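A structural walkthrough
Now for the letters of each chain:
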Amino acid sequence: RNSREFEVQAEVSINGVAVPVTAEPSIDVKVALASVPFTRWASTLCPEFSVKQIHLQSVDMFGPRVGFLKLRAFIVDTATGKQVPGIAFLRGGAVAVLVVLECEGEEYTLLTRQPRAPIGIHRFPEIPAGMLDGSGHFAGVAAKEMEEETGIKLDVDDLLQHDRGHLR
């Protein structure tokens, strides 16, 4: 079914404009729109984007909070008048730990190997990482992920936190 055929269930303000929201039947629209992934996305959209409609396609809950949210936004670039691809997969914050080891004057980076079904790789090399748990304790989550993925225990006070947001 075309997302424009769904009944409008809510409106959200994006860049000062009321935007109608539709959703698949199984989605709790209030929960999805109040979630951190959605509110972060909506509040950081460039003013050059004119959002005409949002259709919520799926929500994955992590306990009581929204973990993943997939939506299709109908967006027009105000500078060109052209529609912008608007499929978005939103998720909560994440941490990653870049471990640099020095041995005999050479530097090495520690990688783990994780199964990653979306890209079809059983043992994908990556730095230790994981999603935030909603506690706001970045360093604590980073230390927990390091221990879970590598067996290495870190003192939270020894970690440097680089979380100054994203570039625009």
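Before reading further, recall that the structure is shown in the block above.
The structure contained in this document is the topic of the report that follows. Every chain is numbered on its own, with residues counted from 1 as its sequence reads. Note on the predicted model: pLDDT of at least 70 is required for a residue's local features to be given, and 80 or more for side-chain atom pairs to be given and counted; whole-chain, interface and lining totals, by contrast, use all residues. The basis for every side-chain value is the complete set of non-hydrogen atoms in the structure, without hydrogens or water.

Side note on the pattern of salt bridges
Salt bridge, as used here, is a side-chain nitrogen of Lys or Arg placed within 4 Å of a carboxyl oxygen of Asp or Glu. A complete count under the given rule lists two salt bridges for this structure. Arginine 116 serves as the salt-bridge partner of glutamate 126, at 2.5 Å between the closest nitrogen and oxygen. Residue glutamate 126 is found in strand E11 (residues 121–126), and its partner arginine 116 is found in strand E10 (residues 112–116); the two are separated by ten residues along the sequence. The rule is simple: take the accessible area with a 1.4 Å probe, protein chains only, and divide by the maximum for that residue type; under 20% is buried, over 50% is exposed, in between is partly exposed. Arginine 116 gets classed as partly exposed once you look at its relative accessible area, which sits at 31%. Among the salt bridges present, the one from lysine 153 reaches glutamate 147, with a minimum N-O distance of 3.8 Å. Overall, the relative accessible area of 65% leaves lysine 153 in the exposed class. Secondary structure elements follow DSSP: runs of H or I no shorter than four residues count as helices, runs of E no shorter than two count as strands, and numbering proceeds from the N terminus.

A closer look at unusual backbone geometry
For asparagine 15, which is not a glycine, the phi torsion comes out positive at approximately 55 degrees. Mapped onto the elements, asparagine 15 comes out in the loop between strand E1 (10–14) and strand E2 (17–23). Given the relative accessible area of 39%, asparagine 15 is considered partly exposed. Phi is positive for glutamate 104, close to 50 degrees, though the residue is something other than glycine. With respect to the helices and strands, glutamate 104 occurs in the loop between strand E8 (100–103) and strand E9 (106–109).

Digging into helix H3 (residues 138–150)
Helix span, expected: 1.5 Å multiplied by one less than the number of residues in the helix. Here H3 contains 13 residues, and its C-alpha end-to-end distance of 18 Å stays within 8% of the 18 Å for a straight helix at 1.5 Å per residue. The set of residues buried in H3 consists of Ala139, Val141, Ala142, Ala143, Glu145 and Met146. What makes two residues a contact is simply this: any of their non-hydrogen atoms within 4.5 Å. Along its buried surface, H3 packs onto strand E7 (94–96) and strand E12 (129–131). Of the residues flanking the end of H3, it is glycine 151, one or two places downstream, whose phi is positive at about 85 degrees.

Topic: the pairing of strand E3 (residues 49–62)
Two strands are counted as paired when DSSP detects at least two bridges linking them. As paired elements, E2 and E3 share three bridges and run parallel to each other. Each bridged residue has a counterpart across the sheet, and for threonine 22 the counterpart in E3 is histidine 55. Two strands pair when backbone bridges link them, and E3 and strand E4 (residues 65–77) are joined in this way by twelve bridges, in the antiparallel orientation. Directly across from phenylalanine 62, in E4, lies its bridge partner arginine 65.

Some words on the environment of aspartate 77
By the element assignment, aspartate 77 lies in strand E4. A C-alpha to C-alpha distance of 5.9 Å links aspartate 77 and glutamate 48, two positions 29 residues apart in sequence. If we ignore the near neighbours within four places in the chain, the residues touching aspartate 77 are Glu48, Lys82 and Val84. A distance of 2.8 Å separates the side chain of aspartate 77 from the backbone nitrogen of alanine 79, its partner in a polar contact. Any pair of nitrogen or oxygen atoms within 3.5 Å is treated as a polar contact; in protein, a donor-acceptor pairing is required on top of that, and neighbouring residues in sequence qualify only through side-chain atoms on both sides.

A look at the packing of aromatic side chains
In this analysis, rings of Phe, Tyr and Trp, with Trp reduced to its six-membered ring, are considered paired at centre separations within 6.5 Å, and the interplanar angle assigns stacked below 30 degrees, edge-to-face beyond 60, and tilted for intermediate values. Across all of its chains, the model carries three aromatic pairs by this definition. Aromatic side chains phenylalanine 62 and phenylalanine 68 sit 5.0 Å apart centroid to centroid with 85 degrees between the ring planes, which places their arrangement in the edge-to-face category. We classify phenylalanine 62 as partly exposed; its relative accessible area is 30%.

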